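As a plain string of letters, each chain reads:
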Amino acid sequence: MSLGDDGRNVLDTGRADRSVWLMKCPPLASRSWQSAAAAASSSDAGLPPPVVAKVVLSLDPLHPDEPSSLQFKMEMAQNDSGNTPKSYSLNMFKDFVPMCVFSESNQGKFLLEGKVEHKFDMEPHSENFGEYGKLCRERTNKAMIKTRQVQVIDNDRGVLMRPMPGMVGLVPSGSKDKRRVTPTKGSDVKRTRRDRRELENIIFKLFERQPNWALKQLVQETDQPEQFLKEILNDLCIYNKRGPNQGTHELKPEYKKTTEEVDTT
């Protein structure tokens, strides 16, 4: 917002009571209007702004109070080439969230341009469905054209594929120092289940080392499937949802006593 004499932001609300229309238009119409505005700005500045479209209002005089008797149609003034629709239907809505339109000038001044009274959805008129259909097919065919090309390398000795200076982590194919990369065990690697009793003993020994364990830590320590480990932990442990040990498991009291008795003996 612009600054007033006291240094505060100022919003010009002189047009707050003005009624404005909000219209959702297709990209084709928006690009056509933007190109017309750009052409006008590059020409003589003294000329009035160009007319980009006109709105035709149709009203049934016999039934003026019916909502269906009021129809809006927009006709484009630009004669673009191709199958660009020239006529559009404007579907009017009155049931929408109250909105206002704001603008900012080149000097940084903020204006309240008005309050939205009508909302319109713009779509090609029925008389232009044929041209619009051709345009959609052309757009689809253009999107299906493959822009990537396969290039055959004539030099089959691999000179072009050798690592350049400064490239880290690449080893030439003929190097004697090539090392085998050992794959790290991730979550997608299949793990073999242990015997349940054996795994329970391993878990008890782990909890002798420390009282609280996170699930990921136990998966790494036991090398067991996560779902299988969860089933056993649900029987042996309590999951801390809050507190200083949030997100960790600890043995149930009855199993804590068992491990303590084993330690004393």
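Below: a short report on this structure. Note that the structure is predicted; figures quoted are calculated from it, not measured.

Here's the deal with the overall build of the protein chain
Broken down by element type, the protein chain carries six helices and 10 strands. If you take every contact in the protein chain between residues at least 6 apart in sequence, the share linking residues at least 24 apart comes to 55%. Accessible surface, the protein chain: about 21,000 Å² in total, of which carbon and sulfur atoms supply 52%.

Examining the packing of helix α4 (residues 215-222) against helix α5 (residues 226-236)
Following both chains from N to C, one finds α4 and α5 inclined at 110°, their axes separated by 10 Å at the closest point. Relative to α5, the element α4 lies roughly perpendicular. In this structure, α4 meets α5 at a crossing whose hand is right-handed. Counted together, Leu215, Leu218, Val219 and Thr222 of α4 and Glu226, Leu229, Lys230 and Leu233 of α5 form the full contact between these two elements. Looking at the contact of α4 with α5 residue by residue, the classes come out as five nonpolar, one polar and two charged.

So, the nonpolar core
Core analysis: the biggest nonpolar cluster contains 16 residues, and Ile203, Leu229, Leu233 and Leu236 have the highest contact counts within it. Of all the elements in the fold, those that place two or more residues in this core are α3 (196-209), α4 and α5. With 11 residues, the next largest nonpolar core counts Phe72, Met76, Leu90 and Met122 among its residues.

Some thoughts on the pairing of strand β6 (residues 87-93)
Here four bridges tie strand β5 (residues 70-76) to β6, and the two strands are oriented antiparallel to one another. Its bridge partner being in β6, Lys73 is matched across the sheet by Ser89. Pairing geometry for β6 and strand β8 (residues 110-124), over six bridges, is antiparallel. Looking at the pairing, Phe93 lines up with Lys119 of β8.

Describing the side chain of Glu250
Its location among the elements puts Glu250 in strand β10 (residues 249-251). A distance of 3.3 Å separates a polar atom in the side chain of Glu250 from a polar atom in the side chain of Asn212. In this structure the side chain of Glu250 is engaged in a polar contact, spanning 3.1 Å, whose partner is the side chain of Lys256. Non-local contacts of Glu250, meaning those with residues more than four positions away in its chain, are made with Phe207, Pro211, Asn212, Cys237, Ile238, Asn240 and Lys256.

A few points about the packing of aromatic side chains
Scanning the entire structure with this criterion turns up four aromatic pairs. An angle of 75° between the planes, with centres 5.1 Å apart, marks the rings of Phe72 and Phe120 as edge-to-face. Pair noted here: Phe72 is in strand β5 and Phe120 is in strand β8, with a separation of 48 residues, a long-range link. For the pair formed by Phe72 and Phe120, the shared burial category is buried. Arranged with centres 5.7 Å apart and planes meeting at 35°, the rings of Phe204 and Tyr255 form a pair that is tilted.

With respect to the pairing of β8
Relative to β8, strand β3 (residues 19-24) is paired through six bridges, and the arrangement is parallel. Each bridged residue has a counterpart across the sheet, and for Val20 the counterpart in β8 is Val116. Direction of pairing for strand β7 (residues 100-104) relative to β8: antiparallel, over a ladder of five bridges. The residue bridging Phe102 from the neighbouring strand is Leu112, located in β8. A loop of five residues connects β7 with β8, the two strands running antiparallel in sequence, and Gly108 in this loop sits at a positive phi of about 85°.

Focus: the packing of α3 against α4
Running from N to C, α3 and α4 cross one another at 120°; their axes reach a closest spacing of 11 Å. Classified by the angle their axes make, α3 and α4 are oblique. As α3 runs across α4, the sense of the crossing is right-handed. In this structure, α3 contributes Leu199, Ile202, Leu206 and Arg209 to the contact, and α4 contributes Leu218, Glu221 and Thr222. Here the residues of the contact of α3 with α4 are counted per class, giving four nonpolar, one polar and two charged.

Cut-off values and rules
- Residues numbered from 1 in each chain as written.
- Predicted model: local features only at pLDDT ≥ 70, side-chain atom pairs only at ≥ 80, totals over all residues.
- Heavy atoms only, no water.
- Helix = DSSP H or I, 4+ residues; strand = E, 2+ residues; numbered from the N terminus.
- Contact = heavy atoms within 4.5 Å.
- Areas by Shrake-Rupley, 256 points an atom, 1.4 Å probe, with all protein chains shown as cover.
- Axes fitted to C-alpha atoms, helices over the stretch in contact; angles between N-to-C directions.
- Parallel < 35°, antiparallel > 145°, perpendicular 65-115°, else oblique.
- Left-handed = near helix turned anticlockwise from the far one by under 90°.
- Nonpolar A, V, L, I, M, F, W, Y, C, P; charged D, E, K, R; others polar.
- Core = buried A, V, L, I, M, F, W, Y, C linked by side-chain atoms within 4.5 Å.
- Buried < 20%, exposed > 50% of the residue type's maximum accessible area, 1.4 Å probe, protein only.
- Pairing = 2+ DSSP bridges.
- Polar contact = N/O pair within 3.5 Å; in protein donor to acceptor, adjacent residues only side chain to side chain.
- Phe/Tyr/Trp six-rings, centres within 6.5 Å; stacked < 30°, edge-to-face > 60°.

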